[in-house]
Amino acid sequence: MTHMTSRERVLAAMRNEIPDRVPAAPDISTYIPMKYSGFTPQDFWIGTKSGVPHWQAYLDVADHYGLDAWTAPAMGLPIIYEEAPVEWQYQSRIDPTRDTMVSTATVKTPAGDLEQESICYRGDQAAMSVKLIKDLVTDFKKFRYTQPMPKALDRSALDTLRQACHQRHHAFGITITYPGFHMWNCYVQGGVETLSYAEMDTPEILQQWFEFDMERGTRTMEFAMDAQLDYILFGGSGTITMASPALAAKYAIPALKKWSAMAKAANLPTMLHSCGKNRVLADLLAAETDVGMLNPLEMPPMGDIDLAEVKRAHGRRLAFMGNIHTTDIMLRGSVKDV
């Protein structure tokens, strides 16, 4: 078989074809790029002192280890957004008691102010400790101002990303998120618990949120079709784990169905990343959407995938990526195990 470049190998696997070898494409996230860059986590995650974009640090690590770069987790579609009547005011400080950087933001909107806080410990990434939405009824109308509609592609940034990938012979993919509890949880204080009550008490607000995300995401997909991408990753960790099959079918699947059909019409491969339970999600994707690949296929206890079983069920329809035990093998295993 002819030797393939990293780009050719990844795209062949995504299309459920036979590459020259199994792509070596572990999810190195941004932890390993951060450590490889040599910068402190606080500079890398929150500040701009490193001067190294996350995507560049990711590509540097992929080349250092000879990986088939899975670029989409490190790259979003460069978008210029419509102007929104909001003002973000940021403030950061070091908390010596907890040895952490605390960053706060006050968002001034025509409907009122919102506030959020994130903390960043040494050796870890920033995590949201206070989220923008405290009460859906009063805060959702404010929150919408913080999510402006896409207006155009940032062609200069797009060309930079594409050229960086292709010069290193890696496939150029970007991430587009889709609606559901797994994403909304990032903005709502109380997370899934609060959203579960809202599904019972104020479902009309979650329906508004879904419709808003559909419109915003569809416009993003329209720009993606004009971006000369190699593939699109739909990102939604916890699609089933943080909700339920019924809620995923209500909020996530309609978006995935529409957007994957757009990509298929453009002959653009698609994959979906969702940590946690994936077995029911595989059924939904195969039956309702045109998504072509599913990742990371975690086995118990993190997930619920038996690779041989799901391959028998959907292997002709879906390509599969992952199913390596992240703790027993990748964390505690020997070099030979890995």
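That block above? That's the structure.
Residues numbered from 1 in each chain as written. Predicted model: local features only at pLDDT ≥ 70, side-chain atom pairs only at ≥ 80, totals over all residues. Heavy atoms only, no water.

Focus on the pairing of strand 9 (residues 270-273)
Phase 1: By the alternation rule, side chains of strand 9 split into Thr270 and Leu272 and Met271 and His273, which are all buried.
Phase 2: Looking at chain direction, strand 8 (residues 231-235) and strand 9 are connected through 4 bridges and run parallel. In the strand pairing of strand 9, Gly235 is matched with His273.
Phase 3: Alignment of strand 9 against strand 10 (residues 293-295), held across 3 bridges, turns out to be parallel. Its bridge partner lying in strand 10, His273 is registered against Asn295.
Phase 4: This β-α-β element, strand 9 to helix 11 (residues 279-288) to strand 10, shows right-handed connectivity. (Buried < 20%, exposed > 50% of the residue type's maximum accessible area, 1.4 Å probe, protein only. Helix = DSSP H or I, 4+ residues; strand = E, 2+ residues; numbered from the N terminus. Pairing = 2+ DSSP bridges. Right-handed = clockwise from strand over helix to strand, strands pointing away.)

Observations concerning the sheet that holds strand 7 (residues 173-177)
Phase 1: Spatially, 7-8-9-10-11 is the arrangement adopted by the 5 strands of the open sheet, whose pairing is parallel. Looking at strand neighbours, the two that pair on one side only are strand 7 and strand 11 (319-320), the edges of this open sheet.

Description of the pairing of strand 8
Phase 1: Of all 5 residues that make up strand 8, 5 are buried, and the element is covered over most of its length.
Phase 2: Burial of strand 8 is two-sided: the residues Tyr231, Leu233 and Gly235 facing one way and the residues Ile232 and Phe234 facing the other way are all buried.
Phase 3: Here 5 bridges tie strand 7 to strand 8, and the two strands are oriented parallel to one another. What sits directly across from Ile174, in strand 8, is Ile232.
Phase 4: Handedness of the crossover joining strand 8 and strand 9 through helix 10 (residues 245-265): right-handed.

A word on the environment of Leu233
Phase 1: For Leu233, the position within the fold is in strand 8.
Phase 2: Assessed through its relative accessible area of 3%, Leu233 is described here as buried.
Phase 3: Separated by 45 residues in the primary sequence, Leu233 and Val188 have C-alpha atoms spaced 24 Å apart.
Phase 4: Here Leu233 is in contact with Trp70, Ala72, Pro73, Ile174, Thr175, Ile176, Met271, Leu272 and His273, once residues within four sequence places are set aside. (Contact = heavy atoms within 4.5 Å.)

Some words on the pattern of salt bridges
Phase 1: Across all of its chains, the model carries 18 salt bridges by this definition.
Phase 2: Here Asp226 ties to Arg155 by a salt bridge, and the two come within 2.4 Å at their closest N and O atoms. Placement of Asp226 in the loop between helix 9 (203-224) and strand 8 and of Arg155 in helix 6 (residues 155-167) is noted, with a sequence separation of 71 residues between them.
Phase 3: Overall, Arg155 belongs to the partly exposed group, its relative accessible area being 41%. (Salt bridge = Lys/Arg side-chain N within 4 Å of Asp/Glu carboxyl O.)

Thoughts on the state of the cysteines
Joining two cysteines, a disulfide is a covalent bond between their sulfur atoms.
Phase 1: Per the counting criterion, the structure on display carries 0 disulfides.
Phase 2: Counting only cysteine sulfurs, Cys275 is the nearest neighbor of Cys186, a cysteine outside any disulfide, at a range of 12 Å. (Disulfide = S-S within 2.5 Å.)

So, the packing of helix 11 against helix 12 (residues 307-314)
Phase 1: Following both chains from N to C, one finds helix 11 and helix 12 inclined at 15°, their axes separated by 11 Å at the closest point. Between helix 11 and helix 12, the angle is such that the two are roughly parallel. By crossing handedness, the relation of helix 11 to helix 12 is classed as right-handed. Contacts between helix 11 and helix 12 involve Arg279, Ala282, Asp283 and Ala286 from the former and Glu309, Val310, Ala313 and His314 from the latter.
Phase 2: A breakdown of the residues in the contact of helix 11 with helix 12 according to their chemical character gives 4 nonpolar, 1 polar and 3 charged. (Axes fitted to C-alpha atoms, helices over the stretch in contact; angles between N-to-C directions. Parallel < 35°, antiparallel > 145°, perpendicular 65-115°, else oblique. Left-handed = near helix turned anticlockwise from the far one by under 90°. Nonpolar A, V, L, I, M, F, W, Y, C, P; charged D, E, K, R; others polar.)

Describing a nonpolar patch on the surface
Phase 1: Together, Tyr31, Ile32 and Tyr65 give the surface a local cluster of nonpolar side chains, amounting to about 300 Å² of exposed area.
Phase 2: Relative to the assigned elements, Ile32 resides in helix 2 (residues 31-37).
Phase 3: The class of Ile32 is partly exposed, set by a relative accessible area of 38%. (Patch = residues over 30% accessible without salt bridge, like charges linked within 9 Å, V, L, I, M, F, W, Y side chains within 5 Å. Areas by Shrake-Rupley, 256 points an atom, 1.4 Å probe, with all protein chains shown as cover.)

Brief notes about the environment of Ile174
Phase 1: Considering the arrangement of structural elements, one finds Ile174 in strand 7.
Phase 2: With a relative accessible area of 0%, Ile174 lands in the buried category.
Phase 3: Through-space distance from the C-alpha of Ile174 to that of Lys108 is 30 Å; in sequence the pair is 66 residues apart.
Phase 4: Excluding its chain neighbours within four sequence positions, the residues that come into contact with Ile174 are Ala72, Met75, Gly76, Leu77, Leu229, Tyr231, Ile232 and Leu233.

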